[in-house]
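Architecture at a glance
In case you want the letters, here they are:
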Amino acid sequence: MSDDATQGTASFISEMGVLKRVARTGWWFTGNKHPESVAEHSFRVGVIGSVLAMMEGVDPARVALICLFHDSQETRVGDIPHIGRKYIKAAPNGEVTADQVANAHPAVRTGVQSAVDEYEAGETPEAVVARDADKLECLVQAVEHREQGYSLTQNWIDTSLASLKTPSAKALADAALSMDSLQWQKNFLS
């Protein structure tokens, strides 16, 4: 591997660290001044995606990879709330990704680009599950924010719920809506 590709790959890794500092800005509309970062969101999307993939019988490793990179472009364009997208014409995510990995190792360039392109196309079973994971994570986060006193989260719950495609995601959403976010702890303390 050339020194340029090594540096390009290391640069991409460094750039992905920026996601730890990019806030999920849509939550500001609920009054939450300190929402989770894009990296925190992407981590749980990856976990949810893996779980959904197992439940749906598709490749959990592929889904996790897709989930990991689904919002990686936000290092360059930020997290644009849905209402803001009406006014801002950002480059397509695949185009941003191509720039992000342009100088990376060829296998990294191909692997990351294919994961993002697959997510954006939304046509494979793995992409459908990854998209459900993204929406389910938003729903779960909205429930948690509501429990924390941010009462204006119902729109996030409703729109996330309405966009779910797989039976497993719908079932998990129903379960998340029927319990509090510390139910997992209660299951082991009783």
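In this report, the structure presented in the accompanying data block is examined. Throughout, residues of each chain are indexed from 1 in the direction in which the sequence is written. At least 70 in pLDDT is required for a residue's local features to be given in this predicted model, at least 80 for side-chain atom pairs to be given and counted, and no such filter applies to totals for whole chains, interfaces and linings, which use all residues. Hydrogens and water molecules were not included; the side-chain quantities draw on all heavy atoms of the structure.

On to the packing of aromatic side chains, then. Think of it this way: a Phe, Tyr or Trp ring, Trp meaning its six-membered ring, pairs with another when their centres are within 6.5 Å, and the plane angle makes it stacked under 30 degrees, edge-to-face over 60, tilted otherwise. Using the criterion set out here, one finds two aromatic pairs in the structure. A ring has a charge above it when a Lys NZ or an Arg CZ is no more than 6 Å from the ring centre and no more than 35 degrees off the ring normal. Sitting over the ring of Y119, R131 keeps its end group 4.9 Å from the ring centre.

We now examine the nonpolar core. Core analysis: the largest hydrophobic core is formed by 26 residues, its most contacted members being L52, V63, L136 and L139. Examining the composition of this core, we find that nine residues originate from one element, helix α7 (residues 125-147), more than from any other. Only buried residues count toward a nonpolar core, which is a set of Ala, Val, Leu, Ile, Met, Phe, Trp, Tyr and Cys residues joined through side-chain atoms within 4.5 Å. Classification of residues uses two cut-offs on accessible area relative to the type maximum, computed with a 1.4 Å probe and protein chains only: under 20% is buried, over 50% is exposed, and between them is partly exposed. F12, L19, V38 and V112 belong to the second-largest nonpolar core, a separate cluster that totals 10 residues. Think of it this way: any DSSP run of H or I at least four residues long counts as a helix, any run of E at least two long counts as a strand, and we number them from the N terminus.

What follows deals with a nonpolar patch on the surface. Surface patches are drawn from residues lacking salt bridges whose relative accessible area is over 30%; two like charges belong together within 9 Å, two nonpolar side chains (Val, Leu, Ile, Met, Phe, Trp, Tyr) within 5 Å. To be clear on the numbers: accessible area is Shrake-Rupley with a 1.4 Å probe, and residue cover counts the displayed protein chains and nothing else. Any Lys or Arg side-chain nitrogen located within 4 Å of an Asp or Glu carboxyl oxygen qualifies as a salt bridge. On the surface, F29, I83, Y87 and I88 cluster together to form a nonpolar patch covering roughly 480 Å² of accessible area. Within the element layout of this structure, I88 appears in the loop between α4 (74-77) and α5 (93-100). Take I88: its relative accessible area is 45%, and that puts it in the partly exposed class.

What follows deals with helix α1 (residues 3-17). Spanning 15 residues, α1 covers 21 Å between terminal C-alpha atoms, matching the ideal 21 Å at 1.5 Å per step. When we look at burial in α1, the residues that qualify are A5, G8, T9, F12, E15, M16 and G17. Throughout, a contact is declared for two residues whenever any of their heavy atoms are within 4.5 Å. Here the buried face of α1 lies against α3 (60-69), α4, α5 and α6 (106-121). One less than the number of residues in a helix, times 1.5 Å, gives the span that helix is expected to have.

Before going further, it helps to examine the environment of S181. Here S181 lies in the loop between α9 (167-177) and α10 (183-189). Take S181: its relative accessible area is 28%, and that puts it in the partly exposed class. With 41 residues separating them along the chain, S181 and V140 place their C-alpha atoms 8.3 Å apart. Think of a polar contact as two N or O atoms within 3.5 Å of one another; within protein, one of them needs to be a possible hydrogen donor and the other a possible acceptor, and neighboring residues in sequence only count if both atoms come from side chains. A polar contact of 2.5 Å, which involves the side chain of S181, links it to the side chain of E147.

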